[in-house]
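Here are the chains, one letter per residue:
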Amino acid sequence: AQSVTQPDIHITVSEGASLELRCNYSYGATPYLFWYVQSPGQGLQLLLKYFSGDTLVQGIKGFEAEFKRSQSSFNLRKPSVHWSDAAEYFCAVASPSGSARQLTFGSGTQLTVLP
Amino acid sequence: DGGITQSPKYLFRKEGQNVTLSCEQNLNHDAMYWYRQDPGQGLRLIYYSQIVNDFQKGDIAEGYSVSREKKESFPLTVTSAQKNPTAFYLCASSIGDQTTEAFFGQGTRLTVV
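Chemist: Lay out the sheet that holds strand E1 (residues 4–7) of chain B with the relevant residues and their values.
Modeler: Residue and element names in this part refer to chain B. Spatial strand order, E1-E3-E8-E7: four strands in an open sheet with antiparallel pairing. Every other strand in the sheet has two partners, leaving E1 and strand E7 (64–66) as the edge strands with one partner each. In this sheet, neighbouring strand axes are inclined to one another by 20 degrees on average, regardless of whether the strands run parallel or antiparallel. Pairing analysis gives three bridges linking E7 to strand E8 (residues 76–78), with the strands arranged antiparallel. Within E8, the position partnered with valine 66 by the bridge is leucine 76.

Chemist: Kindly report on the pattern of salt bridges, identifying the contributing residues and their values.
Modeler: Residues and elements named next belong to chain A. Under the defined criterion, the tally for this structure stands at eight salt bridges over all chains. A salt bridge links arginine 22 to aspartate 8, with the shortest nitrogen-to-oxygen separation between them at 2.9 Å. You can see arginine 22 sitting in the loop between strand E3 (19–21) and strand E4 (24–26) and its partner aspartate 8 sitting in the loop between strand E1 (3–5) and strand E2 (10–14), a full 14 residues away along the chain. Residue classification places aspartate 8 among the buried residues on the basis of a relative accessible area of 19%.

How each quantity is defined
Residues numbered from 1 in each chain as written. Chains lettered and ligands numbered in written order. Predicted model: local features only at pLDDT ≥ 70, side-chain atom pairs only at ≥ 80, totals over all residues. Heavy atoms only, no water. Pairing = 2+ DSSP bridges. Helix = DSSP H or I, 4+ residues; strand = E, 2+ residues; numbered from the N terminus. Axes fitted to C-alpha atoms, helices over the stretch in contact; angles between N-to-C directions. Salt bridge = Lys/Arg side-chain N within 4 Å of Asp/Glu carboxyl O. Buried < 20%, exposed > 50% of the residue type's maximum accessible area, 1.4 Å probe, protein only.

In structure tokens form, the structure reads like this:
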């Protein structure tokens, strides 16, 4: 069965600092990978996705993620964090031959941004 | 603008009562989903529907029911049989069941009082 681990429950960074959120997955082959962001009391917004090809994926809001097959990781990065980035971030994995109902989500990382 | 609308945003229910959460989409998507979100946990799938008049149980369907009479609508009923219904509920849709990219609504927070 597929699974997703986000080892950091809560991360605090200063505005303007760089950010890396970790995501590790367990899956027999190369899955489809996603990062979503959730502002308080809101739904999930897709930041970026990886299906195949270039392992460095660019997303919205200046985020990027790198797929590393050898480490089964899909870490999210941003070079300079803005106060508006404070939110909860979810990594998700799905089988390439599956469907959205088979999305498996991590437990989330809460990001706090200090002024 | 196309999107998914969930209503109400906040909902309070007395113990023993059924309550229905609304989800409407105008994306012309065939597949729709209901997730439950609890603090510190990821999303868990309650029910999903691949096409109109068809739906299937997800991982935590007990105490919930759904209907899919129209393509754009997928209401979720939280019944009195659900032992711990207080949670944040998210509705999502995808173009078809064979696609993995899901689009989410803004959620409904249900509190049992």
